[in-house]
Amino acid sequence: MSTDNSTITLLISCPDRPGIVASISQFIFEHQGNIIQSDQHTTNHHNGTFFMRISFAEDSFTLSPVELKQAFAPIADVFHIHWSVHYSRQRKRAAIFVSKFDHCLTDLLWRWKSGELAMDIPFIISNHENLEPLAHMYGIPYYHFPIRREHRRDDEQRILDFIGDSVDFLILARYMQILEPFIVHAYPNRIINIHHSFLPAFVGAKPYEQAFERGVKLIGATAHYVTESLDEGPIIAQDVIHCNHRDTLEDLIRKGRDVERRVLAEAVRLHTEDRVLVYANKTIVF
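Since we're looking at a predicted model, the values are computed, not measured.

The rules behind each value
- Residues numbered from 1 in each chain as written.
- Predicted model: local features only at pLDDT ≥ 70, side-chain atom pairs only at ≥ 80, totals over all residues.
- Heavy atoms only, no water.
- Helix = DSSP H or I, 4+ residues; strand = E, 2+ residues; numbered from the N terminus.
- Rg over C-alpha atoms; globule rule 2.2 N^0.38 Å.
- Contact = heavy atoms within 4.5 Å.
- Areas by Shrake-Rupley, 256 points an atom, 1.4 Å probe, with all protein chains shown as cover.
- Lys, Arg positive; Asp, Glu negative; His and termini not counted.
- Charge placed at Lys NZ, Arg CZ, Asp CG, Glu CD.
- Salt bridge = Lys/Arg side-chain N within 4 Å of Asp/Glu carboxyl O.
- Buried < 20%, exposed > 50% of the residue type's maximum accessible area, 1.4 Å probe, protein only.
- Pairing = 2+ DSSP bridges.
- Axes fitted to C-alpha atoms, helices over the stretch in contact; angles between N-to-C directions.

## Examining the overall build of the protein
Right, so step 1: Looking only at helices and strands, one finds eight helices and 14 strands in the protein.
Right, so step 2: Taken over the C-alpha trace, the protein has a radius of gyration of 21 Å; the compact-globule value for 286 residues is 19 Å, and the two agree within 12%.
Right, so step 3: Principal axes of the C-alpha set define a box for the protein whose edges measure 60 × 40 × 35 Å.
Right, so step 4: Restricting the contact set of the protein to residue pairs at least 6 apart, pairs at least 24 apart contribute 66%.
Right, so step 5: In the structure as shown, the protein presents an accessible area of about 14600 Å², 51% of it carried by carbon and sulfur atoms.
Right, so step 6: Computed over 29 positive and 36 negative side-chain charges, the inter-centroid distance for the protein is 4 Å.

## Remarks on the pattern of salt bridges
Right, so step 1: If you walk through the whole model with that rule in mind, you get 17 salt bridges.
Right, so step 2: A salt bridge links aspartate 168 to arginine 93; the nearest nitrogen and oxygen atoms lie 3.2 Å apart. Note that aspartate 168 is positioned in the loop between helix H5 (152-163) and strand S9 (169-172) and arginine 93 in strand S5 (residues 92-98), a separation of 75 residues in sequence.
Right, so step 3: By relative accessible area, aspartate 168 is classed as partly exposed at 25%.
Right, so step 4: Measuring nitrogen to oxygen at the nearest pair gives 2.7 Å for the salt bridge that ties glutamate 266 to arginine 269. Here arginine 269 and glutamate 266 lie together in helix H8 (residues 249-272), a separation of three residues that amounts to about one turn.
Right, so step 5: Relative accessible area serves as the criterion here: at 31%, glutamate 266 is assigned to the partly exposed category.
Right, so step 6: Within this structure, Glu266, Arg269, Glu273 and Arg275 form a network of salt bridges that share partners.

## Let's talk about unusual backbone geometry
Right, so step 1: One non-glycine residue, glutamine 32, adopts positive backbone phi at about 65 degrees.
Right, so step 2: Along the polypeptide, glutamine 32 turns up in the loop between helix H1 (20-30) and strand S2 (35-42).
Right, so step 3: For glutamine 32, a relative accessible area of 52% puts it in the exposed group.
Right, so step 4: Unusually for a residue other than glycine, phenylalanine 202 sits at a positive phi of about 55 degrees.
Right, so step 5: Counting through the fold element by element, phenylalanine 202 comes out in the loop between strand S10 (191-195) and helix H7 (207-214).

## Section: the sheet that holds strand S4 (residues 82-87)
Through backbone hydrogen bonds, the strands of a sheet pair up, either in parallel or in antiparallel fashion.
Right, so step 1: Here four strands make up an open sheet; going across it, the order is S2-S3-S1-S4 and the pairing antiparallel. Every interior strand has two partners, whereas the edge strands, S2 and S4, have only one. On average, each strand axis in the sheet is tilted by 10 degrees relative to the strand beside it, whichever way the strands run.
Right, so step 2: Here strand S1 (residues 7-15) pairs with strand S3 (residues 49-57) via nine bridges, running antiparallel. Across the sheet, the residue bridging to threonine 9 is serine 55, located in S3.
Right, so step 3: Running over the sheet, helix H2 (residues 65-79) touches S1, S3 and S4 and is turned about 155 degrees from S4.

Set out below in structure tokens:
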């Protein structure tokens, strides 16, 4: 059962050729869907890849989810389309991972509570107990999973076993641990990390210290999907803030945390609204 504001969104990528937009629009029209938003991008006008995000109202659409997949399959076959369908009434479920820093978690929880981030948060996971009171303020269960350096794989396997199929994606809100590959493989392009640097500059640990030593005039933050390569996954969102020779290392950290909050929240919003398509370790963001 849909509500008046419920939408259906198709995310599409395929080799570019004439007729794709017309065929998809005609499909929606034939089944009484009212298109609300449509965005396209082509990587190259000659033999490029075509990307599309199209949203239409669910209340008038005549096909059920199963019927939609069956009816759209022939179009997908003709154009060799990779596609997914998303219903706005089905809120994504996110597990938030944190360590000791609270600024990103605080911001996410405030935006979630205010309705800015349309997702469910079944629980928060941390390798420390410090932020449990903050989670309880928002009525969210908090689970402490210590990570021992010599038993990292076993400890992270326990986390994955605990999560099971209870969430759709993971948010690393300054979670200061490198995830084992088996967790990354369990959530391909569904783990969002915030790195406190304007990647690809200053990857790895202590980027503010590196930036301070280089005397940079801009610092930033980067939200990206996690891959096995440290801080090299597809970038979702970035932002920067100015700094100068008067700024101490503490000033850079203070300024940077403001950027981290904004960038992570924006990346989570884009993901929950199905506005991101991954392509060749890059993202198409609609």
